[in-house]
Amino acid sequence: SLASEDSPMSFRGLRTSKFRHVFGTAIRKDAHYEGIRVTRNSWDSTFCAVNPKFLAVVTEAAGGGCFLVLPVEKTGRVPNNPPMVAGHRAAVLDIQWSPWDDNIIASCSEDMTVKVWVIPEKGLEESLTEAEATLEWHQRRVGFIAWHPSAHNILMSAGSDNMVVIWNVGTAEPLSVIECHNDILWSCGWNYDGSRIVTTCKDKTLRVIDPRTGEVISEKKKAHDGAKPQRAVYMKDGRIFTTGFSRMSERQYALWDDNNLSEPITLEEIDTSNGVLFPFYDPDNNLVYLGGKGDSNIRYYEVTDQSPYVHYIDRFDTSDPQRGLGFMPKRGVNALQNEIARFYKLHPNKVEPISFTVPRKSELFQEDLYPDTASQTPALSADDWIEGKVADPILMSIRDELKSVLPQKPRLAGLKKPNALNRPKLLAAKPSTTNSVRDSAPPKPAPAPEPTPAPAPAPVPKVERSPPAHERERSPPREHRGAGDRQTSVAATAQKLQQNAFERQEIQAREEEVQEEVVEAAAAAGQESPPEAEEDSSGHLYARQRLYEDERARQQLYEEERIARARENTKRRSRYDTPDLYQPRQAQQQQIPPDFDFQELLEEVKGLRALVRQHERRIMNLEDALGIGD
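Residues numbered from 1 in each chain as written. Predicted model: local features only at pLDDT ≥ 70, side-chain atom pairs only at ≥ 80, totals over all residues. Heavy atoms only, no water.

(A) View of the overall build of the protein chain. When you go through the protein chain residue by residue, the secondary structure sums to seven helices and 32 strands. The burial tally for the protein chain puts 40% of its 630 residues in the buried class. In the protein chain, 52% of the contacts between residues at least 6 apart in sequence involve partners at least 24 apart. Looking at the protein chain as shown, the accessible area adds up to about 39,300 Å², and 49% of this sits on carbon and sulfur atoms. (Helix = DSSP H or I, 4+ residues; strand = E, 2+ residues; numbered from the N terminus. Buried < 20%, exposed > 50% of the residue type's maximum accessible area, 1.4 Å probe, protein only. Contact = heavy atoms within 4.5 Å. Areas by Shrake-Rupley, 256 points an atom, 1.4 Å probe, with all protein chains shown as cover.)

(B) Representation of the sheet that holds strand E26 (residues 297–303) within the structure. As summarised here, the arrangement of the four strands in space is E24-E25-E26-E27, forming an open sheet in which the pairing is antiparallel. Every interior strand has two partners, whereas the edge strands, strand E24 (277–282) and strand E27 (310–317), have only one. Between one strand and the next, the sheet's axes are offset by a mean angle of 25°, whatever the strand orientation. (Pairing = 2+ DSSP bridges. Axes fitted to C-alpha atoms, helices over the stretch in contact; angles between N-to-C directions.)

(C) Looking closely at the nonpolar core. Ranked by internal contacts, the top residues of the largest apolar core, which has 53 residues, are Ile36, Phe67, Val69, Ile119 and Tyr344. Residues within four places of Tyr344 in sequence aside, it is in contact with Tyr33, Cys48, Val50, Leu55, Val72, Gly324, Leu325, Gly326, Met328, Val351, Glu352 and Pro353. Formed by 23 residues, the second largest nonpolar core is a distinct cluster that contains Leu287, Ile340, Phe343 and Phe356. (Core = buried A, V, L, I, M, F, W, Y, C linked by side-chain atoms within 4.5 Å.)

(D) Structural view of a negative patch on the surface. A cluster of acidic residues, Glu512, Glu513, Glu516, Glu517 and Glu520, forms a negative patch at the surface. Within the element layout of this structure, Glu513 appears in helix H4 (residues 483–525). The exposure class assigned to Glu513 is partly exposed, which follows from its relative accessible area of 43%. (Patch = residues over 30% accessible without salt bridge, like charges linked within 9 Å, V, L, I, M, F, W, Y side chains within 5 Å. Salt bridge = Lys/Arg side-chain N within 4 Å of Asp/Glu carboxyl O. Lys, Arg positive; Asp, Glu negative; His and termini not counted. Charge placed at Lys NZ, Arg CZ, Asp CG, Glu CD.)

(E) Empty space enclosed by the protein, seen in detail. Here the structure, examined in full by the defined rule, presents two cavities of 30 Å³ or more. Approximately 50 Å³ is the volume attributed to the second largest cavity. Those elements that place two or more of their residues in the lining of the second largest cavity are E24, strand E25 (287–292) and strand E28 (324–327). In terms of residue class, the lining of the second largest cavity is made up of three nonpolar, six polar and two charged. (1 Å grid on protein atoms, 1.4 Å probe; cavity = no way out; pocket = protein on both sides within 12 Å on 5 of 7 lines; lining within 4 Å. Points joined across faces, edges and corners; volume = space filled by probe spheres on them. Nonpolar A, V, L, I, M, F, W, Y, C, P; charged D, E, K, R; others polar.)

(F) Structural view of helix H7 (residues 598–626). Taking 1.5 Å as the rise per residue, H7 with 29 residues should run 42 Å; its terminal C-alpha atoms sit 42 Å apart, in good agreement. Positive phi shows up at Gly627, right after H7, with a value of about 75°. (Expected span 1.5 Å × (residues − 1).)

(G) Region of the structure containing a nonpolar patch on the surface. A surface patch of nonpolar side chains, amounting to about 470 Å² of accessible area, comprises Ile592, Phe596, Phe598, Leu601 and Val605. Structurally, the position occupied by Leu601 is in helix H7.

(H) How the structure looks around unusual backbone geometry. Each neighbour pair has its own omega, and for Ser307 with Pro308 the value is 5°, a cis peptide bond. Turning to its location among the elements, Pro308 is positioned in the loop between E26 and E27. Of note in the backbone geometry, Asn81 takes a positive phi value of approximately 50° without being a glycine. Of the residues examined, Asn81 reaches a relative accessible area of 77% and is grouped as exposed. Of note, Asn286 is a non-glycine position whose phi angle comes to about 60°, a positive value. Tracing the sequence through the fold places Asn286 in the loop between E24 and E25.

Nothing here speaks to function; it is geometry throughout.
Pasting the structure below:
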């Protein structure tokens, strides 16, 4: 069906977007991480965290909780009994890398604690059991943790005791405890500058809270009518993107204004699957990726200010369901291949990277795909944030980080080298040949000065004329000429035509001079008009004779060219029309030497016949065996 005229994707044209052709690709098998026993816990979490240096995956463990940490470049099969981070007494539910240090990771567990770990620079060489910091406050299991986006060492945790705690990790002390929830929390997240948090709860209420005071700024009851878990994530411009279920258990997504949660900006149904959708937000490109636990696909959308605000782009499908997903920060994508996102999909016994790229023909760095992203430098200290200061994350340029490996863009600065195209000017050469009679004609003589009037009329001068054609000496008969003579004759005829043109122009100029003299003489004698020239005057007869000769020369030139072409065609045809070529050659009788041994030839023929019969029997046996015989 056609969209309405107000829709951005109407019949007038598709919506313009640089992400319309984003496509996902599963990376080759030798780049997988195999031999990992991924946890089978039913808690709704991603169970995976990744940064440009390390990959962390929650694994199965007996008698406690642990997770595996691997260097990102160390792909392939994991050895048996690898070193683990095994300091929790119960199952690990969530893990998150610090945005300020790629070697620091936080984990929460069913043992009601939050622990912060420091991973060695080269990875784990032995199991790590002693945490750098242990945060204890919750009375029940801790399900979610999230680092502050711009303040250093600020961490948020949410537990099944319906409390949200803001921690100063450096001192291992709680800064604030939020107790406004009536049931188990399903998700929690910071906004772009860390001044607000958003939570979803089992009571189906979406809340926006001040993290310092715990005051509820706004809330929406029954943001999604379904009883299954809801997830929420803050966007860069202050809007909130949520996923949940309808009353009929249909999966939905919605977009909200954090200052007015009375009605959603948009609300759309996706499908009828029962897995919880996890939203992964890219603040640099304003893209949202949706991946469900137990699904075998990842959908991705672009969020804009134009209706319908959330634009579906495409879906990446695989054959195997996913147990969890890890989302690489923009600092870790491959900008050389125009990669804008990378996921790490958890299988029961391996981790598979999935790359999302934008196809471009140019090999230069694509500025529009990689705006400045969040750096590892915190904008605020923990004390500054406690005092009430607010600041956006400090940004970094991906181009500057990859300057050494990216192809250089051509410079447009002024050139200091001499111009290679600056050649000395050549003097114009005088034309040695002419292309037409008009170009080769001599310039007309300057008009003669007016003569002084004479008392008596001057006699009319007569122009000398050439003898008639029948009195001239005829040229000798033409002899047979070859190809070289023909070319000489053609050149000579052309030269003769040019010479005749010169003579006609000279005759015309002389006739004009004579006519002017006659007019002046008649004017001096007092006559009103000059006497009429005879129709067959000598000048006219000479001109007529020249025209006749020119026409004869043109006909002669045409005839010579026609004869030359006919001779060339005759020579060409004679190669194939020779009757000897079509006559079959007579077989030459070979003389048989007197000492030729016919008996030896006969034995050789018999041997060949026996060999042929042997092959025929083999072929018949194969046909009978295959059932393809006649």
